[in-house]
Protein chains: 2
Amino acid sequence: MSRENLQERVYRALRQALMRGAFPPGRSLTIRALAGALKTSAMPVREALRQLVAERALAMLPNRSFGTPLMTVAQFDDLRRIRMRIEGFAAAEAASRIDRETLLRLEEIDAEMAAASRRVRRERFIELNQEFHFTIYEAAGSAVLMPIIESLWLQIGPYLTFVFPDGERPQVTHATHRPVIVALKRGDAAAAQAALAADIDKAGEILKRVATFAAEDG
Amino acid sequence: MSRENLQERVYRALRQALMRGAFPPGRSLTIRALAGALKTSAMPVREALRQLVAERALAMLPNRSFGTPLMTVAQFDDLRRIRMRIEGFAAAEAASRIDRETLLRLEEIDAEMAAASRRVRRERFIELNQEFHFTIYEAAGSAVLMPIIESLWLQIGPYLTFVFPDGERPQVTHATHRPVIVALKRGDAAAAQAALAADIDKAGEILKRVATFAAEDG
DNA sequence: TTACAAGTGTTGTGATCACAGCATATCGAC
DNA sequence: GTCGATATGCTGTGATCACAACACTTGTAA
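Residues numbered from 1 in each chain as written. Chains lettered and ligands numbered in written order. Predicted model: local features only at pLDDT ≥ 70, side-chain atom pairs only at ≥ 80, totals over all residues. Heavy atoms only, no water.

(A) Fine view of the overall build of chain A. When helices and strands are counted, chain A shows nine helices and three strands. Starting at the N terminus, the α and β elements of chain A follow one another as α-β-α-α-β-β-α-α-α-α-α-α. Since a compact globule built from 218 residues should have a radius of gyration of about 17 Å, the 18 Å found for chain A is in line with a globular shape. Oriented by its inertia axes, the alpha-carbon framework of chain A measures out at about 50 × 45 × 35 Å. Taking all 218 residues of chain A together, 51% fall into the buried category. Here the contacts in chain A between residues at least 6 apart in sequence split such that 77% fall between residues at least 24 apart. Per element, the accessible surface of chain A, about 10,200 Å² overall, is 52% carbon and sulfur. Of note, chain A has its 31 positive side-chain charges centred 5 Å away from the centre of its 27 negative side-chain charges. (Helix = DSSP H or I, 4+ residues; strand = E, 2+ residues; numbered from the N terminus. Rg over C-alpha atoms; globule rule 2.2 N^0.38 Å. Buried < 20%, exposed > 50% of the residue type's maximum accessible area, 1.4 Å probe, protein only. Contact = heavy atoms within 4.5 Å. Areas by Shrake-Rupley, 256 points an atom, 1.4 Å probe, with all protein chains shown as cover. Lys, Arg positive; Asp, Glu negative; His and termini not counted. Charge placed at Lys NZ, Arg CZ, Asp CG, Glu CD.)

(B) The arrangement of the interface of chain A and chain B in detail. In this complex, chain A contributes 29 residues to the contact, which on the side of chain B involves 29 residues. Carbon and sulfur atoms supply 52% of the area that chain A and chain B bury against each other, a total of about 2,700 Å² over both sides. At the junction of chain A with chain B, the criterion picks out six salt bridges. Between E47(B) and R46(A) there is a salt bridge, with its nearest N and O atoms 3.1 Å apart. Remark: the boundary between chain A and chain B carries 14 residue pairs in polar contact (both at pLDDT 80 or more). Elements with a contribution of two residues or more to the side of chain A that touches chain B: α3 (42-54), α4 (73-95) and α7 (145-156) of chain A. At eight residues, α4(A) tops the list of elements feeding residues into the side of chain A that touches chain B. (Buried area = accessible area lost by both parts, 1.4 Å probe. Salt bridge = Lys/Arg side-chain N within 4 Å of Asp/Glu carboxyl O. Polar contact = N/O pair within 3.5 Å; in protein donor to acceptor, adjacent residues only side chain to side chain.)

(C) Region of the structure containing the protein's contact with DNA strand D. Close to DNA strand D lie 14 residues, the nearest being R32(A), L6(B), Q7(B), S41(B) and M43(B). The sugar-phosphate backbone supplies 64% of the atoms of DNA strand D found within 4 Å of the protein. One of the side-chain N or O atoms of R46(A) is found 3.1 Å from a base nitrogen in DNA strand D. Measuring from a phosphate oxygen of DNA strand D, one finds a side-chain N or O atom of N5(B) at 3.0 Å. For the surface near DNA strand D, the secondary structure elements donating two or more residues are α2 (31-37) of chain A together with α1 (6-19) and α3 (42-54) of chain B. Residues belonging to the surface near DNA strand D are distributed by class as follows: six nonpolar, five polar and three charged. (Near = heavy atom within 4 Å. Nonpolar A, V, L, I, M, F, W, Y, C, P; charged D, E, K, R; others polar.)

(D) Just the packing of helix α6 (residues 122-140) of chain A against α7(A), in detail. Residue and element names in this part refer to chain A. Relative orientation of the contacting elements α6 and α7 amounts to 160 degrees, with a least axis distance of 11 Å. In this view, α6 runs roughly antiparallel relative to α7, as classed from their interaxial angle. Here α6 and α7 pass one another in a crossing that is right-handed. In this structure, α6 contributes N129, Q130, H133, F134, Y137 and E138 to the contact, and α7 contributes M146, I149, E150 and W153. Counted by class, the contact of α6 with α7 contains five nonpolar, three polar and two charged residues. (Axes fitted to C-alpha atoms, helices over the stretch in contact; angles between N-to-C directions. Parallel < 35°, antiparallel > 145°, perpendicular 65-115°, else oblique. Left-handed = near helix turned anticlockwise from the far one by under 90°.)

(E) Geometry of the relation of the copies chain A and chain B. For the pair chain A and chain B, the superposition axis carries a translation of 0.0 Å, the fit reaches an RMSD of 0.0 Å, and the rotation angle comes to 180 degrees. Each copy turns onto its partner about a two-fold axis. Taking the C-alpha atom as reference, chain A places Q51(A) closest to the rotation axis, 2.7 Å from it. Interface overlap between copies is the fraction of interface residues in one copy that are interface residues in the other; for chain A against chain B it reaches 100%, indicating a shared surface. (Least-squares fit on C-alpha atoms with pLDDT ≥ 70 in both.)

(F) Seen up close, the domain arrangement of chain A. Residues and elements named next belong to chain A. What the domain assignment reports for chain A is domain 1 (6-67) and domain 2 (73-210). At the interface, eleven residues of domain 1 touch 15 residues of domain 2. Considering only the surface of domain 1 that becomes buried against domain 2, M19, R20 and P25 emerge as the three largest contributors, covering 52% of it. Between the two partners, domain 1 and domain 2, sit two salt bridges. As a salt-bridge pair, R15 and E150 come within 2.9 Å of each other at their nearest N and O atoms. Summed over the shared surface of domain 1 and domain 2, the number is four residue pairs in polar contact (both at pLDDT 80 or more). The residue makeup of the side of domain 1 that touches domain 2, split by class, is six nonpolar, one polar and four charged. (Domains from an automatic or database assignment.)

Printed below as a string of structure tokens:
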């Protein structure tokens, strides 16, 4: 048996599923069902769920059970706005620290995303987009910033259910990723920040067109 | 019995203690000891601890037990830097949204802090400083930003052990809080951001002079 | 006196059970 | 057929127990 906790394993499994958009917004998760699916007892599952609630990846539904958050449009815009600011800042920091090797990796990912989109591989597309962004944030070199950004990504996770690399999305993504790479190459912090914010902004706009949200009231 | 969870109660108790600097950096906490002190079983305590670890308020020590994080100087500077950026942004947002009533509240708190410091009331001083900042952040009106900032405050929490309102600190705090209020009154977002960042910067500088840190190596 | 080994206590972890709150279904009365 | 009360099952929650990993102490032998 590996030397890691069961709850750690459960946590990672759920976290990855959430980040990949495996659960739509408002989907409810029960301790016992997950425990059964993962072949463990309730103990590790409830602690993993609680940790995800602390990271805002899950919420406690009104009926006192766990589930993925269902946002209103206003909440979605708030999240998008904060992401643009914080992840933009991370890109700015990365501009002065990123090395040649990492820049090459970004080029590779960008190329692979175009390929993945042509073959309409949804999961791979999401995965590569995630890798593109986190390669940059990693380069920012802040241990404090990293978990904050991860939490933000966990929050939008469920809305990635609506992402599909149709004819438009991958082209747009390529168009918004390109300026980020260029700015990072030049070491231009302000441009990198603006370009990355624009990418998030655009992606959010597309998502808003196809996603479903909670009633404004709540 | 009150209608809230036991783990919620334990969580709030620990969280408040941490934010008030009740535990010094590197202090270890055991589940059974806390359960005994709070007169509950281990169950609610371990879930509360796990939640605090997720919020970076606690860490898992190398000896496999829980404890408050002991930072290196570099980590402390990283945290300070991110705080200046994120909380500064919150202040900028607040500048265009804050109302007259909230501004008056800030004036009150500022005045009370001077009074608290003359009587050398350490705990009250920390509490008022916290209220000053969070009154501003609340005014920023972002449900996404708020828990992020709370997590940042939980991370510096243990280092508030070293805060003491001696002859210097309260004067400095007043000197750095004042420009924040002035900028917010004018609705000047850029000035508010700069003033708040300066406050965090100065406070961190003072703290660094008296606090103890982990060895640079780790 | 020193070194090493056995033992003891403490740690977090996982499993299991009992229970209260709640939603829903089911059954009976009108 | 409709309404209401009872019952049933499901939810998270808390308590308790057993256990493996580890730290530390204690005792013994050289």
